[in-house]
Amino acid sequence: MGTVEIEFAPHWVNASLVRTLARPFVTIDGVEHRQSWAEPSTYELAPGRHELTAFIRYRGTNAALGTGRRTVTVQAGEQVSLRARNGWANHMPFELELRHSPTLDA
C-alpha cells in the first residue's frame, strides 16, 4: 500500500472567508472525505493511478465549489503529498499541488 497526504491551504486573500464559512472536501476515486483546514489528512491507497478532486462547500449547502482535479500514481510504500490551494477569488478552482514532503513544496 501507499499513502496520499492532502493539506488544504486557502489563498491568503480569501482565507478568513472560506475558513469561516466553508468546509473542505476531497474525493478519492469517487469516495468523498471531509477535510480539515487545520491539519492534513492521510489515506492509504493501493498502488496505481487514483483520481482526486478537491473542493469546498459553504455551510448549509450541497454545491461543490472551486472543484479542482488531479490524477496521481502511488507506488507501494510511497507517500504522495499534495496541497489543495484555491485562487485569490472564490470562483477560482483548487489546484492540487504536488509536494516532495510535508515541509518542502514541489
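Above this text you will find the structure in question.
Bear in mind the structure is a predicted one, so any value in this text is a computation, not a measurement.

**Q** Describe the overall build of the protein, with residues and values.
**A** Across its full length, the protein holds 1 helix and 9 strands. Counting from the amino terminus, the protein carries its helices and strands in the arrangement β-α-β-β-β-β-β-β-β-β. Compactness check: the protein gives a C-alpha radius of gyration of 13 Å against a globular reference of 13 Å for 106 residues, within 12% of the reference. Across its three principal directions, the C-alpha atoms of the protein cover 40 × 30 × 20 Å. Here the protein holds 106 residues, and the buried ones make up 42% of them.

**Q** Describe the pattern of salt bridges, with residues and values.
**A** Under the defined criterion, the tally for this structure stands at 4 salt bridges. For E7, the salt bridge is made with R99, and the minimal N-O distance between the two is 2.6 Å. With E7 in strand β1 (residues 2–8) and R99 in strand β8 (residues 95–101), this residue pair connects regions lying 92 residues apart in the sequence. The closest approach of N and O atoms between R57 and E32, which form a salt bridge, is 2.8 Å. Within this pair, whereas R57 is found in strand β5 (residues 48–58), its partner E32 is found in strand β3 (residues 31–34), the two being separated by 25 residues in sequence. Using a relative accessible area of 39% as the deciding quantity, one classes E32 as partly exposed. If you follow the salt bridges from partner to partner, you end up with E7, R83, E97 and R99 in one network.

**Q** Tell me about the packing of aromatic side chains, residues and numbers included.
**A** For the structure shown, the criterion picks out 3 aromatic pairs. Taking 5.9 Å as the distance between ring centres and 90 degrees as the angle between the ring planes, the aromatic pair formed by F8 and W37 counts as edge-to-face. One end of the pair, F8, is in strand β1; the other, W37, is in the loop between β3 and β4 (41–45), and 29 residues separate them in sequence. Judged on exposure class, the residue F8 and its partner W37 are both buried. Judged by centre distance (5.6 Å) and plane angle (10 degrees), the ring pair of F25 and F55 falls under stacked.

**Q** Any details on the environment of N86? Residues and values, ideally.
**A** Residue position: N86 is located in the loop between β7 (79–85) and β8. With a relative accessible area of 6%, N86 lands in the buried category. Taking the C-alpha atoms as reference points, N86 and V13, separated by 73 residues in sequence, lie 10 Å from one another. Setting aside residues no more than four positions away along its own chain, N86 makes contact with A9, P10, H11, N14, M92, P93 and F94. Within polar-contact distance, the side chain of N86 engages the backbone nitrogen of H11 at 2.8 Å.

**Q** So, the sheet that holds β3: which residues are in play, and what are the values?
**A** Overall, antiparallel pairing links the 4 strands, which are arranged β3-β2-β5-β6 in an open sheet. Of all strands in the sheet, those with a lone pairing partner are β3 and β6 (65–74), marking the two edges. Each strand axis lies, on average, 25 degrees off the axis of its neighbour in the sheet, ignoring direction. Alignment of β5 against β6, held across 8 bridges, turns out to be antiparallel. Residue pairing for β6: I56 is matched across the bridge by L65.

The rules we used
Residues numbered from 1 in each chain as written. Predicted model: local features only at pLDDT ≥ 70, side-chain atom pairs only at ≥ 80, totals over all residues. Heavy atoms only, no water. Helix = DSSP H or I, 4+ residues; strand = E, 2+ residues; numbered from the N terminus. Rg over C-alpha atoms; globule rule 2.2 N^0.38 Å. Buried < 20%, exposed > 50% of the residue type's maximum accessible area, 1.4 Å probe, protein only. Salt bridge = Lys/Arg side-chain N within 4 Å of Asp/Glu carboxyl O. Phe/Tyr/Trp six-rings, centres within 6.5 Å; stacked < 30°, edge-to-face > 60°. Contact = heavy atoms within 4.5 Å. Polar contact = N/O pair within 3.5 Å; in protein donor to acceptor, adjacent residues only side chain to side chain. Pairing = 2+ DSSP bridges. Axes fitted to C-alpha atoms, helices over the stretch in contact; angles between N-to-C directions.

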